[in-house]
Amino acid sequence: MSDSKVFSAAEVVLAEPRGFCAGVDRAIEIVERALAKFGAPIYVRHEIVHNTYVVNDLKAKGAIFIEDLAEVPAGATLVFSAHGVPKSVEAEAERRGFTVFNATCPLVTKVHVEVAKLYREGYEFIMIGHAGHPEVEGTMGQLDAGIHLVQDVQDVARIQPAQHDKLAVVTQTTLSVDDTAEIMAAIKARFPLIREPKQQDICYATQNRQDAVKLLTRQVDVVIVVGSATSSNTNRLREVAQKLGTTTYMIDGADELRAEWFEGKPRIGVTAGASAPEILVRQVLARLDELGVSSVRKLGSTPETMKFPLPKVSSLR
């Protein structure tokens, strides 16, 4: 991309809120504190959060990311990612005697606790989520059987739970609010007695960022979503903007920006997924400034004050 300015006058509209949520902040801090306390290497099952910059930064500090606990040597310190893990992984880690720090987002843990509680009461479950996502694997892995995954409305017609009287629904926390509502309506039409969560499973940060993007798209010509392709909530931000008819690009960093994206589109919206650090947004703004952007303003006013405590392990505090 040429370094010459492409704008005579252009404005960036910056979505509020954007970027890191409380669960991501907590997960990264757990890894960094474990590294400071015990030294490298610290093993992390799966990417701690789905962001390339964050993962590479922690790798440089001494974190080793693995998928199979067979890769972890005896006596090692292990961190579970923010997405949560199946019961079988917890049991294996305990059996092998690792020092374990659980960085599972407390909002995901809430879903796990609800599943365990209702299972003891005789419930089966329908889970709305994406197959293969680690959060879905972790939640479904809380049980050996009796939990059925639906990814879309069509799946609702195909599942065959053993009972209809005691049936509950849970969701992946990083889904699109609108898409989940559509699937939920189909579930309730087929299973009128379905038990819904006491509180919506989709997390506050996911919803806030989607609401901010809906507001943003009405005021801009093109939207830039900062975050990695592996991030569910970042992909949902891209989808929300696209469904509202705004040209949208999802990028891992400023080096992926292309000047031709902005030809004839002087109002540029910028947001970031919940796992994308603010440094990436600043780099995007710096690159747009080089291209001739004349002003930056913030849009949105949903304050986020949520903060999750670290695990109750004295060695990390």
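Reading guide: rules and limits
- Residues numbered from 1 in each chain as written.
- Predicted model: local features only at pLDDT ≥ 70, side-chain atom pairs only at ≥ 80, totals over all residues.
- Heavy atoms only, no water.
- Core = buried A, V, L, I, M, F, W, Y, C linked by side-chain atoms within 4.5 Å.
- Buried < 20%, exposed > 50% of the residue type's maximum accessible area, 1.4 Å probe, protein only.
- Helix = DSSP H or I, 4+ residues; strand = E, 2+ residues; numbered from the N terminus.
- Contact = heavy atoms within 4.5 Å.
- Axes fitted to C-alpha atoms, helices over the stretch in contact; angles between N-to-C directions.
- Parallel < 35°, antiparallel > 145°, perpendicular 65-115°, else oblique.
- Left-handed = near helix turned anticlockwise from the far one by under 90°.
- Nonpolar A, V, L, I, M, F, W, Y, C, P; charged D, E, K, R; others polar.
- Pairing = 2+ DSSP bridges.

Draft legend 1. Seen up close, the nonpolar core. Among the nonpolar cores identified, the biggest contains 30 residues, and Val31, Val44, Ile48, Val49, Leu58, Phe65 and Val79 are the most heavily contacted of them. Of all the secondary structure elements, the ones that give two or more residues to this core are helix H1 (22–38), strand E2 (42–45), helix H2 (52–61), strand E3 (63–66) and helix H4 (106–120). At 8 residues, H1 tops the list of elements feeding residues into this core. Residue contacts for valine 44: discarding those within four places in its chain leaves Val31, Ala63, Ile64, Phe65, Ile66, Leu78 and Val79. Residues Ala254, Leu257, Phe262 and Ala272 belong to the second largest nonpolar core, which totals 21 residues.

Draft legend 2. Main features of the packing of helix H8 (residues 204–217) against helix H9 (residues 232–243). Taken N-terminus to C-terminus, the directions of H8 and H9 make an angle of 25 degrees; their axes are 9 Å apart at the nearest point. Compared by their axis directions, H8 and H9 come out roughly parallel. Crossing angle aside, the handedness with which H8 passes H9 is right-handed. Here Thr206, Arg209, Gln210, Val213, Lys214 and Thr217 of H8 come into contact with H9, specifically with Asn233, Arg236, Leu237, Val240 and Ala241. Broken down by class, the residue content of the contact of H8 with H9 amounts to 4 nonpolar, 4 polar and 3 charged.

Draft legend 3. Spatial organisation of the sheet that holds strand E7 (residues 147–150). Ordered in space as E7-E6-E8, the 3 strands form an open sheet in which the pairing is parallel. Each edge of the open sheet carries a strand with a single partner, namely E7 and strand E8 (167–171). Recorded for the sheet is a direction-independent mean angle of 25 degrees between the axes of neighbouring strands. Across the sheet, H4 is in contact with strand E6 (124–128) and E8; its angle to E8 comes to roughly 170 degrees. With respect to the sheet, helix H7 (residues 177–190) is in contact with E6, E7 and E8, its orientation differing from that of E6 by roughly 150 degrees.

Geometry only, nothing functional implied.
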